[in-house]
Amino acid sequence: MNRIVTLDEFIIRRQKDFPFASGELTGLLRDIGVAAKIVNREVNKAGLLNILGVADSQNSTGDVVQKLDLYANDKLIECLKNSGECCGVASEECEELIAIPPVDDKPSKYVVVFDPLDGSSNIDVNVSVGTIFGIYRRVSDPAGPCAIEDFLQPGNQLVAAGYVLYGTSTLLVYTTGRGVNGFTLDPTIGEFCLSHQNIQIPARGNYYSVNQGYYLKFDLEMRRYIDHCSDMNLMLRYIGSMVSDIHRILFQGGIFLYPNTRKYPQGKLRLVYECNPLSFIVEQAGGKAMTCQLERVLDLEVNHLHQRATIAMGSPDMVDEMKEFVQRYSATPIFGKR
Ligand code: AHG
Ligand code: MN
Ligand code: MN
């Protein structure tokens, strides 16, 4: 039998790859792993506890908030506050950033951004949801509290990013910029165990993932590309939880699209909490992520916490093909650099 490698053990081993590592990032990743286990427990027993359903509020970007979103949000904030390895957090569910005072007078150099529960409309019907996170090194004066500029860094400055998928099994996938690894939660021992080492996205795949219900609301070039996917007999899969849709594409290949619509002229998905962390992971796995206007997502300027972006991400050859369609059919000439 192969020896089991737990997430904690793997993270500590990897720390040795960075000769001057202080252990802070290691501690932070471990704490996020703990929060993921707590959220997982609640996701699994949500029906039993009668915490399913919509809370009487909306999130700061106007979307309806499910109760479990708030629970996951609270748990992540609580774990990170107690961690001592993080000086601030920004969450999709909070209007403003939250500064975290040093624990035991030990200043911390990292901030964490997260979407505590992604795909929350799936909760009531027992379909997969996820958590997305990203970690930045702070750029503000370490003597004071964290500041907004710590969170408004482009995605190319991410130190680490990951997601947790609460699916048929619970998986944690993360990268620190040296490849992507996946861990499956073994509920019998309560540990995330290394299950997918050095994940590589296939160059192409048989799936495309887009909310085709909005087809008529997309720009011509996107409609043409979607027609092409259909002409190629690709299979359409759309869960409505970006984590779940990206997870399939990461393993089986394909392309995920969330273009601009009339309702969401800038796209719907949030750059800081959703697009940047998942783009970092997809690129680290050999994939590509660009906006539907052909900018590399990770290079986008971030002007505010809840900024939205359009996105096309997944298998590299398919993203390149999408780019050709945009260049060919766009009403306004676009000359994507990448
Ligand atoms: P969240 O539940 O965090 O608000 O995110 C939902 C997001 C994303 O996960 C998903 O891909 C997309 O919204 C679905 O949007 P549509 O229902 O407009 O397709
Ligand atoms: Mn989300
Ligand atoms: Mn969410």
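All of the points below concern the structure found in this document. What you see is a predicted model; the values in this text were computed from it and never measured.

1. A look at the site of ligand 1
Here is step 1 of the chain: Near ligand 1 lie 18 residues; those nearest to it are Asp118, Asn211, Tyr238, Met242 and Tyr258.
Here is step 2 of the chain: In the environment of ligand 1, an oxygen atom lies 2.8 Å from a nitrogen or oxygen atom belonging to the backbone of Gly119.
Here is step 3 of the chain: A distance of 2.9 Å separates an oxygen atom of ligand 1 from a polar atom in the backbone of Ser120.
Here is step 4 of the chain: Contact with the protein chains hides 87% of the accessible area of ligand 1, taken as 470 Å² for the molecule alone.

2. A look at the nonpolar core
Here is step 1 of the chain: In this structure, Leu250, Phe256, Ile311 and Met313 are the most contacted members of the largest nonpolar core, which totals 44 residues.
Here is step 2 of the chain: Put simply, the parts of the chain that give this core at least two residues each are strand 5 (110-118), strand 6 (129-137), strand 7 (160-166), strand 8 (170-175), helix 6 (242-252), strand 13 (254-258), helix 7 (271-284) and strand 17 (311-314).
Here is step 3 of the chain: It is helix 7 that provides the largest number of residues to this core, a total of 8 residues.
Here is step 4 of the chain: Counting only domains with at least three residues in this core, you end up with domain 1 (7-196) and domain 2 (207-329).
Here is step 5 of the chain: Contacts of Leu250, omitting those with residues within four sequence positions, involve Tyr163, Val173, Ile199, Gln200, Ile201, Pro202, Ile281, Val282 and Ala285.
Here is step 6 of the chain: Grouped together as the second largest cluster of nonpolar side chains are 41 residues, Leu29, Ala35, Ile123 and Ala160 included.

3. Here's the deal with the coordination of the manganese ion (ligand 2)
Reference values for coordination geometry: four tetrahedral donors around a metal ideally subtend 109.5 degrees, six octahedral donors ideally subtend 90 or 180 degrees.
Here is step 1 of the chain: Each protein donor to the manganese ion (ligand 2) is listed here as Asp115 (OD), Asp118 (OD) and Glu274 (OE); together their distances run 1.9 to 2.2 Å.
Here is step 2 of the chain: Sequence positions of the donors to the manganese ion (ligand 2) reduce to the motif D-x2-D-x155-E.

4. A look at the coordination of the manganese ion (ligand 3)
Here is step 1 of the chain: Bound to the manganese ion (ligand 3) on the protein side are Glu92 (OE), Asp115 (OD) and Leu117 (O), at distances that span 2.2 to 2.3 Å.
Here is step 2 of the chain: Within one chain, the residues donating to the manganese ion (ligand 3) are spaced in sequence as E-x22-D-x1-L.
Here is step 3 of the chain: Between the manganese ion (ligand 3) and the manganese ion (ligand 2) the interatomic distance comes to 3.7 Å, and Asp115 is a ligand of both metals. Of this pair, Glu92 sits in the loop between strand 3 (88-91) and strand 4 (98-99) while Asp115 sits in strand 5, placing them 23 residues apart in sequence.

5. Focus: the pattern of salt bridges
Here is step 1 of the chain: Under the defined criterion, the tally for this structure stands at 16 salt bridges.
Here is step 2 of the chain: Glu191 is the salt-bridge partner of Lys37, the closest N and O atoms lying 3.9 Å from each other. With Lys37 in helix 2 (residues 24-49) and Glu191 in strand 10 (residues 191-196), this residue pair connects regions lying 154 residues apart in the sequence.
Here is step 3 of the chain: In this structure Glu191 comes out as partly exposed when scored by relative accessible area, which is 25%.

6. Side note on the sheet that holds strand 11 (residues 207-209)
Two orientations exist for strands paired in a sheet by backbone hydrogen bonds: parallel and antiparallel.
Here is step 1 of the chain: The 5 strands lie next to each other as 12-11-13-17-15, forming an open sheet whose pairing is mixed. A strand with exactly one partner marks an edge of an open sheet, and here the two such strands are strand 12 (235-236) and strand 15 (288-290).
Here is step 2 of the chain: Two strands pair when backbone bridges link them, and strand 13 and strand 17 are joined in this way by 4 bridges, in the antiparallel orientation. Bridged to Tyr258 within strand 17 is Ile311.
Here is step 3 of the chain: Running at roughly 30° to strand 15, helix 8 (residues 316-329) makes contact with strand 11, strand 13, strand 15 and strand 17 of the sheet.

7. Some remarks on unusual backbone geometry
Here is step 1 of the chain: Despite not being glycine, Asp104 shows a phi value in the positive range, around 55°.
Here is step 2 of the chain: Mapped onto the fold, Asp104 is located in the loop between strand 4 and strand 5.
Here is step 3 of the chain: The exposure class assigned to Asp104 is exposed, which follows from its relative accessible area of 72%.
Here is step 4 of the chain: The phi angle at Asp105 is positive, at roughly 60°, despite the residue not being glycine.
Here is step 5 of the chain: Relative to the helices and strands, Asp105 is located in the loop between strand 4 and strand 5.

Reading the values: rules and limits
- Residues numbered from 1 in each chain as written.
- Chains lettered and ligands numbered in written order.
- Predicted model: local features only at pLDDT ≥ 70, side-chain atom pairs only at ≥ 80, totals over all residues.
- Heavy atoms only, no water.
- Near = heavy atom within 4 Å.
- Polar contact = N/O pair within 3.5 Å; in protein donor to acceptor, adjacent residues only side chain to side chain.
- Areas by Shrake-Rupley, 256 points an atom, 1.4 Å probe, with all protein chains shown as cover.
- Core = buried A, V, L, I, M, F, W, Y, C linked by side-chain atoms within 4.5 Å.
- Buried < 20%, exposed > 50% of the residue type's maximum accessible area, 1.4 Å probe, protein only.
- Helix = DSSP H or I, 4+ residues; strand = E, 2+ residues; numbered from the N terminus.
- Domains from an automatic or database assignment.
- Contact = heavy atoms within 4.5 Å.
- Donors = N, O, S within 2.8 Å, 3.2 Å for Na, K, Ca; no water.
- Salt bridge = Lys/Arg side-chain N within 4 Å of Asp/Glu carboxyl O.
- Pairing = 2+ DSSP bridges.
- Axes fitted to C-alpha atoms, helices over the stretch in contact; angles between N-to-C directions.

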